[in-house]
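# Close look at the chain arrangement
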Amino acid sequence: MTTDPKNVLAVIAPHVGGRTAGAGLATLFPTEAHVTVVEAADEDPAALRGAHVIITALAPVSAQHLASAPDLALVQCASHGFDYVDVEAARGRGVRVANIGSSGAESQNVAEQTFALMLALAKQLIPAHTALVEADWALPRLQRSLTELSGKTLGIVGLGNIGREVARRAVAFDMNVVYAGRRRLPEETEARLGGARHVPLDELLRTADYVSLHAPLTGETRNLLDAERLALLKPTAFVVNTARGALVDQDALADALEKGALAGAGIDVFDPEPPTPALRLLRAPNVVLSPHVGGVTRETLIRIALAAVQNVTGYLAGGEAKDVVN
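First, a word on what this report is: a plain description of the structure on this page.

What counts and how
Residues numbered from 1 in each chain as written. Predicted model: local features only at pLDDT ≥ 70, side-chain atom pairs only at ≥ 80, totals over all residues. Heavy atoms only, no water. Buried < 20%, exposed > 50% of the residue type's maximum accessible area, 1.4 Å probe, protein only. Helix = DSSP H or I, 4+ residues; strand = E, 2+ residues; numbered from the N terminus. Pairing = 2+ DSSP bridges. Phe/Tyr/Trp six-rings, centres within 6.5 Å; stacked < 30°, edge-to-face > 60°. Contact = heavy atoms within 4.5 Å.

## A short note on the pairing of strand β6 (residues 153-157)
Buried residues dominate β6, accounting for five of its five residues. Taking every second residue as pointing to the same face, both faces of β6 are buried, with T153, G155 and V157 on one and L154 and I156 on the other. Alignment of β6 against strand β7 (residues 176-180), held across five bridges, turns out to be parallel. Residue pairing across strands places T153 opposite N176, the latter belonging to β7.

Structure, rendered in structure tokens:
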């Protein structure tokens, strides 16, 4: 850490713990850092104006916020995603934006949540539970739609750290793995993932029994699964999204589910978050929904906080920030 005190503004969105979580995060910094915890970037204008670093957990950092912090050098996202930061405005001001992508902090739990959703869909756990609570022995009705994961094709969109953890679990379930992304992985990596095959996105959508999204949200990937692409999927296919809600056109997905053009969907992320009561997916048939719990187990939160703080303290000590996205 440099000898001059550095001001760190920790912006923790209320729906991921707010000031309570931020207070715990602040204890991880060396005493040389002056940490101010807020729930919105402009909540404390003086702290924003004096910030050298902003560390944010799903709280927006806009172009206006960046312009209000003349000494700002780094925005550290306490997550894999960075879509809530105006990355282009940061680039224009010479401010680096970093995530925790290489840490793998969220990979285990997001992969587990992905399979929890897939298994709930395959085994019809939600309607089975609801029926039994209502004294309805639903086996004769549900057995027609019960399926196995074994032998099915899992299409992974984005085979980064999280996508690879999902693929590893798919191998254990005897699934076939195909993946789409900008680059093909080395052959030895594909072999370790059960012979995973790199295919164009549209081919993946046509062939997969389960489509699992693990891509970052950017201008190019927003509404990646729109009505046209959703129409490529088999009517027996399932869509699982544990990445970012805006990767999918939510109304188009609801349309497909309501028309029976898809077998079901497992959704952990929404646009916006929390979702509004008007979101049609909340009432769509054969969906399993969870409130963005893919990265918030006790173990995961500790790893996320440590990874973000270590990156910031290393940078303030004169090192290079890791996982810079701009």
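## So, the packing of aromatic side chains
The tally for this structure, following the rule as stated, stands at two aromatic pairs. Each ring, one from F115 and one from F173, has its centre 5.0 Å from the other, and the planes form 20 degrees; the classification is stacked. Taken as a pair, F115 in helix α5 (residues 107-122) and F173 in the loop between α8 (161-172) and β7 lie far apart in primary sequence, 58 residues in all. Using a relative accessible area of 32% as the deciding quantity, one classes F173 as partly exposed.

## Observations concerning the environment of G155
As for its position among the elements, G155 is in strand β6. The sequence separation of G155 and Y179 amounts to 24 residues, and the corresponding C-alpha distance is 5.4 Å. Once residues lying within four places of it in the same chain are set aside, the contact partners of G155 are V178, L204, A208, Y210, V211 and S212.

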